[in-house]
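# Structure assessment
What follows is the residue order along each chain.
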Amino acid sequence: MFGAFLALSAAGACSHGPALTPRTQLQVLTQQELPTPNLQDLVQPSRNFVIGPYDKLSIDVYGTDDLKRERIEVDGSGQVQFPFAGTLQAGGKTPKELAEVITARISKYVRDPQVTVNLIEATSSAITVDGQVKKPGLYPVIGRMTLNRSIASAEGLSDFAKVEEVVVFRTVGGKDYAALYDLAAIRRGAYADPEIFANDIIVVGDSPSRRFMHDLVTIAPTLVAPIVTILAR
């Protein structure tokens, strides 16, 4: 029953991030750290790639060599510049979506443009920060990211955040994991600030209306170490 409660509540909490499939079983693990994702987990080739900061793109307008760009770098804010199109917001778009935007912009100057955008180097990756933070959303992972840094990327906790109920969801090797953290304990030095990887979903609990980890917190009211679980699909 607790597993179903956790999964369904967490799915509801992630209104700004990827949908979480409801689970019906929960296994608490003896380990105190989430497994580290491998390259296949980080790349996720099956999903549509979303452009992010510092990615490098090639843009080609068929039959117009002057508009061909072999290596355009997306800036830190997710923007690129292209002739006749001006400054474009590439971050958060797929290459196909960006091509459509460029096509619309340059159609005033180029007759029936056929625009192709390809990713040639992916240096960005993103995490989802949701729940009771000031600015929920997708954030790029640049360098080493920790749980506290991830929440800072979302402009910090909201006034209703429950610091003892912060959950990180991660998929490793086709298995879905969740770990419960207490930010106050981390900040006191009770245990290390965990590393966060691309595609992780972080959900900050709501006091008192969004207690999706309530049952587990009742069992362990003082969280002196992370509690790691595996979610059955």
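As the structure is a prediction and not an experimental result, all values here were calculated from the model.

Procedures and definitions
Residues numbered from 1 in each chain as written. Predicted model: local features only at pLDDT ≥ 70, side-chain atom pairs only at ≥ 80, totals over all residues. Heavy atoms only, no water. Pairing = 2+ DSSP bridges. Helix = DSSP H or I, 4+ residues; strand = E, 2+ residues; numbered from the N terminus. Axes fitted to C-alpha atoms, helices over the stretch in contact; angles between N-to-C directions. Contact = heavy atoms within 4.5 Å. Buried < 20%, exposed > 50% of the residue type's maximum accessible area, 1.4 Å probe, protein only. Salt bridge = Lys/Arg side-chain N within 4 Å of Asp/Glu carboxyl O. Polar contact = N/O pair within 3.5 Å; in protein donor to acceptor, adjacent residues only side chain to side chain. Core = buried A, V, L, I, M, F, W, Y, C linked by side-chain atoms within 4.5 Å. Phe/Tyr/Trp six-rings, centres within 6.5 Å; stacked < 30°, edge-to-face > 60°. pLDDT = per-residue confidence, 0-100.

### Quick notes on the sheet that holds strand β6 (residues 115–121)
Each strand in a sheet pairs with another by means of backbone hydrogen bonds, the pair being arranged parallel or else antiparallel. The sheet built from three strands is open, its strands ordered β3-β2-β6 with antiparallel pairing. In this open sheet, the two strands that pair with only one neighbour each are β3 (69–73) and β6. Here the average twist between neighbouring strands, direction ignored, is 30°. Pairing between strand β2 (residues 56–61) and β3: three bridges, direction antiparallel. If you follow Lys56 over to β3, its bridge partner there is Glu73. Along the sheet, helix α3 (residues 95–106) contacts β2 and β6; its crossing angle with β6, the most-contacted strand, is approximately 140°.

### Focus on the pairing of β2
For β2, the buried fraction is high: five of the six residues fall into the buried class. Of the pairings in the sheet, the one linking β2 to β6 comprises six bridges and is antiparallel in character. In the sheet register, Ser58 faces β6, and the bridge partner there is Asn118.

### Focus on the environment of Leu147
Counting through the fold element by element, Leu147 comes out in helix α4 (residues 147–153). Sequence-distant contacts of Leu147, that is, excluding residues within four places in its chain, are made with Val166, Val168, Tyr181, Leu183, Ile186, Asp193, Pro194, Ile196 and Ile202.

### A word on the pattern of salt bridges
According to the stated counting rule, one finds four salt bridges in the structure shown. The salt bridge involving Glu195 is made with Arg144; its shortest N-O contact spans 3.7 Å. Here Glu195, found in strand β12 (residues 195–196), pairs with Arg144, found in the loop between β8 (137–140) and β9 (145–146); they are 51 residues apart in sequence, far enough to count as distant. The salt bridge partner of Arg170 is Asp200, with a shortest N-O separation of 2.7 Å. A residue pair is termed long-range when its members are at least 10 positions apart, and Arg170 in strand β10 (residues 161–172) and Asp200 in the loop between β12 and β13 (201–206) qualify at 30 residues. Classification of Arg170 by relative accessible area gives buried; the value is 5%.

### Focus: the environment of Ser77
Topologically, Ser77 is positioned in the loop between β3 and β4 (79–82). For Ser77 and Pro140, which are 63 residues apart along the polypeptide, the C-alpha to C-alpha distance reads 10.0 Å. In terms of polar contacts, Ser77 uses its side chain to reach the side chain of Asp75, at 2.8 Å.

### A few points about the nonpolar core
Note that soluble globular proteins tend to have their nonpolar side chains buried in a common cluster. Formed by 27 residues in total, the largest nonpolar core has its most connected members in Ile127, Leu147, Ile151, Tyr181 and Ile202. Listed by contribution, the elements that provide at least two residues to this core are β7 (126–131), α4, β10, β11 (175–181), α5 (183–188), β13 and β14 (227–232). Leu67, Ala99, Ile106 and Val110 belong to the second largest nonpolar core, which has 19 residues in total.

### Quick look at the packing of aromatic side chains
In this structure the tally under the stated criterion is two aromatic pairs. Centre to centre, the rings of Phe84 and Tyr109 are 5.0 Å apart; their planes meet at 20°, and the pair counts as stacked. One end of the pair, Phe84, is in the loop between β4 and β5 (86–89); the other, Tyr109, is in the loop between α3 and β6, and 25 residues separate them in sequence. Here Phe84 falls in the partly exposed class, since its relative accessible area comes to 49%. For the ring pair Tyr181 and Tyr191, a centre distance of 6.5 Å and an interplane angle of 40° mean the geometry is tilted.

### So, the environment of Thr229
Mapped onto the secondary structure, Thr229 falls in strand β14. Classification of Thr229 by relative accessible area gives buried; the value is 2%.

### Details of the confidence of the model for the chain
Averaged over all residues, the pLDDT of the chain equals 78, while 72% of them reach at least 70. Ranking the elements of the chain by mean pLDDT puts helix α1 (residues 2–13) last, at 36, and α3 first, at 95. Note that pLDDT drops below 50 for residues 1–24; the model gives that stretch 46 contacts with residues more than four away or on any other chain. Predicted confidence for residues 208–212 stays below pLDDT 50, and this span has 18 contacts to residues more than four positions away or in other chains.

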